[in-house]
Amino acid sequence: QITSRSSPPSSSIIIKQNNHASIASQYDQLIMTSMLLVVSGASRGFGRAVATAFCSNNNSTHLRAILTARSQEGLDETKEIIMTANSATSNVHISTHPMDLSNLDTLDSNLEELID
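Values in this document were obtained by computation on a predicted structure and should not be read as measured data. (Residues numbered from 1 in each chain as written. Predicted model: local features only at pLDDT ≥ 70, side-chain atom pairs only at ≥ 80, totals over all residues. Heavy atoms only, no water.)

Chemist: How should the side chain of Ser-43 be read in this particular structure?
Modeler: Mapping Ser-43 onto the fold places it in the loop between strand 1 (34-40) and helix 2 (45-56). Judged by relative accessible area, which is 11%, Ser-43 ranks as buried. Among all residues touching Ser-43, those that are not within four sequence positions of it are Arg-48, Ala-69, Ser-71, Gly-74, Leu-75 and Thr-78. (Helix = DSSP H or I, 4+ residues; strand = E, 2+ residues; numbered from the N terminus. Buried < 20%, exposed > 50% of the residue type's maximum accessible area, 1.4 Å probe, protein only. Contact = heavy atoms within 4.5 Å.)

Take a look at the structure:
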């Protein structure tokens, strides 16, 4: 027995659906809050292009970019290009690591450096 109704019964369902949509949206935002990018050969050429493009088109809340190459000078140039392109945003953190990933004798220690 219903004595009074201020809104149609479907309104409560719509509110619940909106709450679920809101929760899903918040979940999507949470998933995109942090990203990790590792680029080898980032001091020039294709590696630099990949690092620059990905960091410039970053839609996440926080991006940690780990750039590796043999040349520290080239890595510094790449980092400067990225930071200049993202001067208005502070959500990109870039670390540079000069290392030769083709040297199998030092590969384990180099990878440990990247993980830490």
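Picking up where we left off.
Chemist: Even after reading the chapter, I still don't get the nonpolar core, so can you show me in this structure?
Modeler: Counting residues in each nonpolar core, the largest one holds 13 residues, and the members touching the most others are Cys-55, Leu-67 and Ile-82. It is strand 2 (residues 62-69) that contributes the most residues to this core, four residues altogether. Other than its neighbours up to four places away in sequence, Leu-67 contacts Val-39, Ala-42, Ala-51, Leu-75, Thr-78, Ile-82, Ile-94, Ser-95, Thr-96 and His-97. (Core = buried A, V, L, I, M, F, W, Y, C linked by side-chain atoms within 4.5 Å.)

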